[in-house]
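So the chains spell out like this:
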Amino acid sequence: MERTSSIGRKAMARQRKAEVMIAGEQLRLRLHDGKLIKDRRYHLRTYPNCFVAQELIDWLMSHKVAPDRATAVRLIQHLMDHDIIHHVCDKRPVFKDAKLLYRFRKDDGTFPFNTEVKIFMRGQRLYEHLIGDKNSILQLREEHGVAYQRSFPGCQLIDWLLQNGEAESRRRGLELCRALQEHGIIQHVAKKHDFFDSGLLYQFCINFRRRRRLSELLNESEQDDDEGVAVSTQEDHHSDSPFVVRKSPHQEGNSAFQSVVSSKDLKQVTSGRRGSLNSLQLHSAGFAPLVSSVVRCNPKSVLRRNFTCEELLAPGAPVIKRVLTVLGDALGWGFVVRGMAPCYVQAVDPGSPAAAAGVKVRQFVCQVNGQCVLYLDYRTITRLVMTGPRTVVLEVMEPLE
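Residues numbered from 1 in each chain as written. Predicted model: local features only at pLDDT ≥ 70, side-chain atom pairs only at ≥ 80, totals over all residues. Heavy atoms only, no water.

## As for the overall build of the chain
The helix and strand inventory of the chain stands at 12 helices and 18 strands. In the chain, the proportion of contacts linking residues at least 24 apart, taken out of those at least 6 apart, comes to 64%. Carbon and sulfur atoms make up 52% of the accessible area of the chain, which amounts to about 19400 Å² in all. (Helix = DSSP H or I, 4+ residues; strand = E, 2+ residues; numbered from the N terminus. Contact = heavy atoms within 4.5 Å. Areas by Shrake-Rupley, 256 points an atom, 1.4 Å probe, with all protein chains shown as cover.)

If you want it as structure tokens, here you go:
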């Protein structure tokens, strides 16, 4: 049990690092598209594929990725700390908002392709292959009465690796799968078991195709530092899900998104403007414009009164049941889920797919894509939505006024 817990902690740390790597790569591609990265000459020497720090900060500000220059510097420093960006002469370990040249390590071949990175890239390639397979083994499956989206039996993944030349033998396949688990790429659906060549169900922990927001990664890093000092003993009744939306009082007519990570009463949240990128633009750009302000808050519940699961299911309960289909766009779905059980909708972005589908605040979430979630907490529901298909079918209970 202790070994499983230790593996889980290491996998979580590696998974966070993987998120930073993906976000960094998405930013790199976007900067190349914007011609911000190019060959530059300084002191009679040409530095290929680099950018000026000051220009990058200007770009982050103009594209609403950061609310101010200080935050933008912290975002890029976070990438430097993970060996994604470096000074062209490696003379400055600290990112400076000045006319200095920096470069992505992937553009000059200095990225450290250690075992961890190689496993990550292998996992990303396998994920893309499996997602694109018409007869993919990633399917809705059930284990111990609970259904899991895009899950697969361990033995079937090894079969697939052998059939596609990804492993020389079952033993090699098992070793690869266990490495993927240890590096936070895949996990048991209930996080209870190591990887076995058996019928136990597993899932990919990382949706490699989801756009990453630099501010979210910075928030996670800061919260990790905070948790090293104190651990909250409060229950998570007022915690938000990662796909969070809130109307910004400073931006009339625009939708503001807040990305909240986690399990503490006081959370770092960031807001941004909803874009209108289509799927092709999103793929080439990497991620959408983001931050317009940074605040610390923990909004009060919108519920007029609390309900228990039993009250909602009781005959004659004062609720209306509705089935809503939400087709996510480039920025997600556009609603906030809160609570431990039952979970409810805390907020809905007026211009989002959720609003268009009829999702409203104070609705209780009963099912997600046919799976009963009434007794699940917001984290589990979040995972089901974010790792599932873009089209989400919700069954909700709406209290009568």
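Now that the structure is up, let's keep going.
## Overview of the sheet that holds strand β6 (residues 146–153)
Taken in spatial order, the four strands make up an open sheet running β5-β6-β8-β7, and their pairing is antiparallel. Each end of this open sheet is capped by a strand with a single partner; those strands are β5 (139–143) and β7 (186–188). Taken over all neighbouring pairs, the strand axes of this sheet differ in orientation by 60° on average, direction set aside. Examined bridge by bridge, β7 and strand β8 (residues 201–204) share three bridges and lie antiparallel to one another. The residue of β8 that forms the bridge with isoleucine 186 is phenylalanine 204. The strands touched by helix α6 (residues 154–163) are β5, β6, β7 and β8; relative to β6, the strand with the most contacts, the crossing angle is about 30°. (Pairing = 2+ DSSP bridges. Axes fitted to C-alpha atoms, helices over the stretch in contact; angles between N-to-C directions.)

## Observations regarding the packing of α6 against helix α7 (residues 170–182)
In the contact formed by α6 and α7, the axes pass within 9 Å of each other and the chain directions differ by 115°. Once α6 is placed against α7, the crossing between them reads as right-handed. Here Cys155, Leu157, Ile158, Asp159, Leu161 and Leu162 of α6 come into contact with α7, specifically with Arg170, Gly173, Leu174, Leu176 and Cys177. Along the lines of polarity and charge, the residues of the contact of α6 with α7 split into eight nonpolar, one polar and two charged. (Left-handed = near helix turned anticlockwise from the far one by under 90°. Nonpolar A, V, L, I, M, F, W, Y, C, P; charged D, E, K, R; others polar.)

## Notes on the pairing of β5
Where a strand is regular, its side chains alternate between the two sheet faces. Bridge count between β5 and β6: four bridges; the pairing is antiparallel. Of the residues in β6, the one forming a bridge with glutamine 139 is serine 151.

## Remarks on helix α3 (residues 69–81)
The terminal C-alpha atoms of α3, which comprises 13 residues, lie 18 Å apart, in line with the 18 Å expected from a rise of 1.5 Å per residue. Turning to α3, its buried residues are Thr71, Ala72, Val73, Leu75, Ile76, Gln77, His78, Leu79 and Met80. Two to three positions downstream of the cap, the backbone nitrogen of alanine 70 sits 3.3 Å from a side-chain oxygen, assigning the N-cap of α3 to aspartate 68. Aspartate 83 occupies a position one or two residues after α3 and carries a positive phi of about 60°. (Expected span 1.5 Å × (residues − 1). Buried < 20%, exposed > 50% of the residue type's maximum accessible area, 1.4 Å probe, protein only. Polar contact = N/O pair within 3.5 Å; in protein donor to acceptor, adjacent residues only side chain to side chain.)

## Notes on the sheet that holds strand β1 (residues 38–42)
Reading across the sheet, the four strands line up as β1-β2-β4-β3 and stay open at both edges, with antiparallel pairing between neighbours. For this open sheet the edge positions go to β1 and β3 (85–87), each flanked by a neighbour on one side alone. Strand-to-strand, the axes of this sheet are offset by a mean angle of 55°, without reference to chain direction. Of the pairings in the sheet, the one linking β3 to strand β4 (residues 101–104) comprises three bridges and is antiparallel in character. What sits directly across from histidine 86, in β4, is arginine 103.

## What to know about the environment of leucine 374
As for its position among the elements, leucine 374 is in the loop between β17 (371–372) and α12 (378–387). On the basis of relative accessible area, leucine 374 is assigned to the buried category, the value being 2%. Taking the C-alpha atoms as reference points, leucine 374 and leucine 312, separated by 62 residues in sequence, lie 9.4 Å from one another. Setting aside anything within four residues of it in sequence, one finds leucine 374 in contact with Cys309, Leu312, Leu313, Ala341, Pro342, Val365 and Cys366.

## Digging into the pairing of β6
With six of its eight residues buried, β6 lies for the most part within the structure. Hairpin connection, β5 to β6: the antiparallel pair is bridged by two residues, and histidine 144 has positive phi, about 55°. The pairing of β6 with β8 spans three bridges and is classified as antiparallel. Paired with proline 153 across the two strands is leucine 201, which belongs to β8.

## Let's talk about the nonpolar core
Buried together is how nonpolar side chains tend to be arranged in soluble globular proteins. Ranked by size, the top nonpolar core spans 58 residues in total, and within it Leu56, Ile85, Phe95, Phe152, Leu157, Ile186 and Phe204 carry the most contacts. Of all the elements in the fold, those that place two or more residues in this core are α1 (2–33), α2 (53–62), α3, β4, α5 (115–132), α6, α7 and β8. In terms of residue count, α1 provides more of this core than any other element does, seven residues in total. What isoleucine 186 contacts, discounting residues up to four positions off in sequence, is Phe152, Leu157, Cys177, Leu180, Gln181, Phe195, Gln203, Phe204 and Cys205. If you look at the next biggest cluster of nonpolar residues, it comprises 21 residues, including Val337, Val365, Val385 and Leu394. (Core = buried A, V, L, I, M, F, W, Y, C linked by side-chain atoms within 4.5 Å.)

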